[in-house]
Amino acid sequence: MKSSERNFARRIDLTSLQLFVAVCELGSIGKTAEREFIAASAVSKRLSDLEALLSTPLLYRHTRGVDLTPAGESLLHHARSVLFSLEKMQGELSEYADGVRGHVRVHASISAIVQFLPEDLGNFIRQHAEIKIDLEEHLSTEVVRAVQEGAADLGVCNTVHGIGALQVRPYRHDKLVLIVPKGHVLLAQKALHFEAALDHDQVGLHSNSSIYLAMRQAAAAVGRTIKLRIHVTGLDAMCRMIHNGLGVGVMPQRAFELMHGVGELESVTLLDHWADRRIELVARDFSTLPLTARLLVDHLSSQASSL
């Protein structure tokens, strides 16, 4: 960090940033003063000092309240980010005082969460009870973005494009199958290419999910389109829709097996190359992860296997 940058960081006052955000949200210095139990003149002075430090006006002041200048809009974005990070830091550090000696943020795809992570994370926690894992479900593309932006320490998702400079390690393999109602005409074939299902209505996952994107690409490759009846956000909802005659759908085989009893359904093997998928661990740099995160990576990597 340059000397000028260090000097700027030392002179920025967090209380002034908090008051600036409050003024922006309320649109008034007076209302902010009332909410924060501080004199309006004191709020105004802090804002003026902030403008002097940044050498640019941040607010347009008028009788009805205040509006943001372009510079003020930029500062508001960064101020919210700084204050959010501080709140997150306080929350994580308070857990150490309560006995939690490690904290790993994990974002994972629905396929990884439904099929593998409950058992694998459960085994890990039983061995490392002092480590807390925050797990969030996202689309694979969003998992990658979260790791790139630092919102997650570790990602667990199906292989996606646009991974950039991120590092990956193998975790699991899964196999996609076609799910149809019991007695469906497609059950006459023990295995088929997805193209054979394009004459039938489809129950699809989210339009940006890796499974649905693969289905669209497969249809486009043969000059066809998907006859989509409905998008759903979960695999259990997909099963219920298929059971009630809304179409057929594609999901991981193990996930379907784990949800036995959700409707009278059967699976048909897909012969398409994209039906065999890799689920990977993703990080910006595995070697620089905190020790607790590296322990989790080692544990999950040891589970790497095919179905």
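Refer to the structure presented above.
Throughout this document, residue positions are counted from 1 along each chain, in the order its sequence is written. Residues qualify for local features only when their pLDDT is at least 70, as the model is predicted, and side-chain atom pairs are given and counted only at 80 or more; totals for whole chains, interfaces and linings, by contrast, use all residues. Side-chain measures were taken over the full set of non-hydrogen atoms in the model, leaving aside hydrogen atoms and water.

Caption draft 1: Representation of the environment of glycine 155 in the model. Helix and strand labels come from DSSP, where a helix needs a run of H or I of at least four residues and a strand needs a run of E of at least two; each type is numbered from the N terminus. For glycine 155, the location among the structural elements is in strand E5 (residues 154-158). A relative accessible area of 0% places glycine 155 in the buried class. Taking the C-alpha atoms as reference points, glycine 155 and serine 267, separated by 112 residues in sequence, lie 29 Å from one another. Contacts are assigned to residue pairs that have any heavy atoms within 4.5 Å of one another. When residues no more than four places from it in sequence are discounted, the contact partners of glycine 155 are His107, Val143, Val147, Glu280, Leu281 and Val282. Throughout, exposure labels follow a simple rule: accessible area from a 1.4 Å probe, protein chains only, divided by the maximum for the residue type, with under 20% read as buried, over 50% as exposed, and the rest as partly exposed.

Caption draft 2: Broad picture of helix H10 (residues 235-243). Residues of H10 that are buried include every one of Leu235, Met238, Cys239 and Ile242, and no others. What you see down the axis of H10 is that its buried residues fit within an arc of 100 degrees, all on one side. Elements in contact with the buried residues of H10: helix H6 (110-115), strand E6 (167-181), strand E8 (202-204), strand E10 (249-252), helix H11 (253-258) and strand E11 (265-270). Phi for glycine 245, located one or two positions after H10, is positive at around 85 degrees. This arc corresponds to the set of directions leading from the helix axis out to the C-beta atoms.

Caption draft 3: Examining the packing of aromatic side chains more closely. Only rings of Phe, Tyr and Trp enter the pairing, Trp through its six-membered ring, and a pair is recorded when the two centres are within 6.5 Å. The plane angle decides the type: under 30 degrees is stacked, over 60 is edge-to-face, the rest tilted. Taken as a whole and assessed by the stated rule, the structure comprises two aromatic pairs. On the numbers, 6.2 Å between centres and 85 degrees between planes, the contact of phenylalanine 116 with tyrosine 171 is edge-to-face. You can see phenylalanine 116 sitting in the loop between H6 and helix H7 (117-127) and its partner tyrosine 171 sitting in strand E6, a full 55 residues away along the chain. When sorted by exposure, phenylalanine 116 lands in the same class as tyrosine 171, which is buried. Criterion for a charge above a ring: Arg CZ or Lys NZ at most 6 Å from the ring centre, at most 35 degrees from the ring normal. The ring of tyrosine 171 is capped by arginine 172, whose NZ or CZ atom sits 5.7 Å from the centre of that ring.

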